Amino acid sequence: MLSAKILEGVRIPEFFSEEGFLSAINFKPKPEDIFVDAFPKSGTNLTHYLIALILNKGKPFENFDQFMASSCFIDHEGEVVANRLKSPRIIKSHLPYNKLPQSEDAKYVYVARNPKDALVSGYHNINAMLENYSTFDDYFKFYFKGELNYGDPLQHILEWYSHRNDPNILFITYEEIKQDRKKVVLTIAKFLGNNLEKMLIDNPEIMENILKYSSIEECRKVLQLEKWMMKQTPENTSKNPYSEQYRFVRKGIVGDWKNYFNKEQSEYIDKKAEEILGETEVYKYWKTRYDDKTVFMPQEKRRKGTRDKVPRLRWNPWQKHVRSIVKMWHRVKMWYRVKMWHRVKMWHRVKMW
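Below or above, wherever it landed, is the structure these notes cover.

What counts as what
Residues numbered from 1 in each chain as written. Predicted model: local features only at pLDDT ≥ 70, side-chain atom pairs only at ≥ 80, totals over all residues. Heavy atoms only, no water. Salt bridge = Lys/Arg side-chain N within 4 Å of Asp/Glu carboxyl O. Helix = DSSP H or I, 4+ residues; strand = E, 2+ residues; numbered from the N terminus. Buried < 20%, exposed > 50% of the residue type's maximum accessible area, 1.4 Å probe, protein only. Contact = heavy atoms within 4.5 Å. Polar contact = N/O pair within 3.5 Å; in protein donor to acceptor, adjacent residues only side chain to side chain. Expected span 1.5 Å × (residues − 1). Pairing = 2+ DSSP bridges.

Our focus in this paragraph is the pattern of salt bridges. Overall, the coordinates contain seven salt bridges when judged by the stated rule. Across the salt bridge formed by aspartate 33 and arginine 89, the nearest N and O atoms sit 2.7 Å from each other. With aspartate 33 in the loop between helix H1 (18-25) and strand S3 (34-38) and arginine 89 in the loop between helix H4 (74-82) and strand S5 (90-93), this pair connects stretches of sequence that are 56 residues apart. Each member of the pair aspartate 33 and arginine 89 is classed as buried. Taking the shortest distance from any N to any O, the salt bridge between lysine 251 and aspartate 256 comes out at 3.3 Å. Taking the relative accessible area as the measure of exposure, lysine 251 reaches 26% and is therefore partly exposed.

Below, the structure is given as structure tokens:
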């Protein structure tokens, strides 16, 4: 199991500074602060990047150093680093609602992601850092027993969902970002105020830049944590867990969990999610849009590593009919060609006579 410790009722990585974490719990927000919160591997950095691009009028970061300097991961870095930032400060966290310092004047953007996808992303992240830390099945058990950092993602989501209508909280989903990034950018800009939404509407070139530089390909160019970490410890590069084969920004897609879960694992999560989130709109959104009619890969064919290639899993019920129609069309076309060939042949014979 990944080494961890519990402070103030929250399970956090062992390497987190106790002093820094406690300062985060007791942090005093300023009115212009912008908090970005999510369960780990649910879109915290993507949302941070979107907000930074909005505030910077579409100007992207040139490297990971600039990205790091634009915000503070307060759970780990603490109040000291947060106080170095210029206003408006972007402060990232994975803390549950009841542990993150609240202020009626500060803004809070919470990102919820389908826990199944968050699980797969977290599995790859841990495996890359700790060199085959566990199998997916082991990680699955740890994750939903609350034995990994920040506990149960479903409870985490529910706490923030309960406050989604608070005027200073914006509750969005990772799936919405992937489905319609432009709409989400406008939603965030409107929420942040200061005529940012009007700026984007009046200046379409700024919106184009935001959409361009927040794509998964562009994010991958900037958010290179693995190379940044290797720079920090050049004398220990060979032992650095962030090897070049590890990518901080991996796929960034929706539904990758279908390549890893078996039917029993999916049903276990569905049952638990229904108990905790069953009455929420976010659960119904995930269930109806992404989980229904899922075809699962057999156990022996599921991915065992990060680079295994697997076939597409989702079966289109119309595919069978389309294939039949195409097949019939080819038969008719062939019949027509044969018939025309016989007619031409007969015409030549008649002509010769």
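Additional details are given in the paragraphs that follow.
What follows concerns the environment of glutamate 159. With respect to the helices, strands and loops of the structure, glutamate 159 is situated in helix H7 (residues 153-161). Measuring from C-alpha to C-alpha, the distance between glutamate 159 and asparagine 98 comes to 7.7 Å, with 61 residues separating the pair along the chain. Sequence-distant contacts of glutamate 159, defined by excluding residues within four places in its chain, comprise Pro96, Tyr97 and Asn98. At 3.4 Å, the side chain of glutamate 159 forms a polar contact with the backbone nitrogen of asparagine 98.

Another aspect to go through is helix H2 (residues 44-55). The end-to-end C-alpha separation of H2 is 17 Å, in line with the 16 Å expected for twelve residues at 1.5 Å each. With respect to burial, H2 is a largely interior element, ten of its twelve residues being buried. Those residues of H2 that sit buried are Thr44, Leu46, Thr47, His48, Tyr49, Leu50, Ile51, Ala52, Leu53 and Ile54. Just downstream of H2 lies lysine 57, where phi reads positive at about 55°.

Let us now look at the pairing of strand S2 (residues 10-13). Across four bridges, the pairing between strand S1 (residues 4-7) and S2 is antiparallel. Of the residues in S2, the one forming a bridge with lysine 5 is isoleucine 12. The loop that links S1 with its antiparallel partner S2 comprises two residues; one of these, glutamate 8, has a positive phi angle of about 55°.

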